[in-house]
Amino acid sequence: MRLVRKSVLTLCSLLLAVSVLFPQTTVHAADQKWMNQVWSEYKSYNKKTVNAYNNYQKQVDKKYKLFYDASHASLDQLEKKVLEDQKQWDEKLQADLDQLKQKYEGNRDLKDKLTQYEGSSIQVI
């Protein structure tokens, strides 16, 4: 009797253990399937978002490069014009100083002042 009782208790214990494990396995499989689905949807959404951002960034970079090139071309043109004007004014100033030196060649005081002015004020860039 004791042997039967132990056998029945052991059998009941095994059935209980199996019945507890069976639903957990099913639940785990369902959870895993749901997690895989969510992960798959996330990867798909992330890929779309990253592609959209990269396309937008390429457009912004292209527009910025066009703006940058245009503004620097304009700046280069302005700098060229300023340097040409400066050269022209330097040449006129030098010609005027040469004329004044010739005109006041006999006047040592004025000639010294012109030489001093020429040395202190004219700076070639």
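Up top you'll find the structure we're talking about.
The rules behind each value
- Residues numbered from 1 in each chain as written.
- Predicted model: local features only at pLDDT ≥ 70, side-chain atom pairs only at ≥ 80, totals over all residues.
- Heavy atoms only, no water.
- Patch = residues over 30% accessible without salt bridge, like charges linked within 9 Å, V, L, I, M, F, W, Y side chains within 5 Å.
- Areas by Shrake-Rupley, 256 points an atom, 1.4 Å probe, with all protein chains shown as cover.
- Salt bridge = Lys/Arg side-chain N within 4 Å of Asp/Glu carboxyl O.
- Helix = DSSP H or I, 4+ residues; strand = E, 2+ residues; numbered from the N terminus.
- Buried < 20%, exposed > 50% of the residue type's maximum accessible area, 1.4 Å probe, protein only.
- Phe/Tyr/Trp six-rings, centres within 6.5 Å; stacked < 30°, edge-to-face > 60°.
- Lys NZ or Arg CZ within 6 Å of the ring centre and 35° of its normal.

Visitor: I would appreciate a short explanation of a nonpolar patch on the surface in the present structure.
Guide: A surface patch of nonpolar side chains, about 320 Å² in accessible area, is lined by Trp 34, Met 35 and Val 38. Among the structural elements, Val 38 can be located in helix α1 (residues 2–103). With a relative accessible area of 38%, Val 38 lands in the partly exposed category.

Visitor: Please clarify how the packing of aromatic side chains should be interpreted in this entry.
Guide: Two aromatic rings, taken as a pair, are described by how far apart their centres are and by the angle between their planes. According to the stated counting rule, one finds two aromatic pairs in the structure shown. Ring geometry for Tyr 64 versus Tyr 68: centroids 5.9 Å apart, planes at 35°, classification tilted. Here Tyr 68 and Tyr 64 lie together in helix α1, a separation of four residues that amounts to about one turn. For Tyr 68, a relative accessible area of 37% gives the class partly exposed. Positioned above the aromatic ring of Trp 89, the side-chain terminus of Lys 92 is 5.0 Å from the ring centre.

Visitor: How should I be thinking about the pattern of salt bridges in this particular structure?
Guide: Pairing between side chains of opposite charge can happen when their charged atoms approach one another. Under the counting rule described, the total for this entry stands at three salt bridges. In this structure, Asp 85 and Lys 81 form a salt bridge, with 3.5 Å as the shortest nitrogen-oxygen distance. Of this pair, Asp 85 and Lys 81 both sit in helix α1, separated by four residues, roughly a single helical turn. Across the pair Lys 113 and Asp 109 runs a salt bridge whose closest N-O atoms are separated by 4.0 Å. Of this pair, Lys 113 and Asp 109 both sit in helix α2 (residues 108–121), four residues apart, which is roughly one turn of the helix. Residue classification places Asp 109 among the partly exposed positions, given a relative accessible area of 49%.

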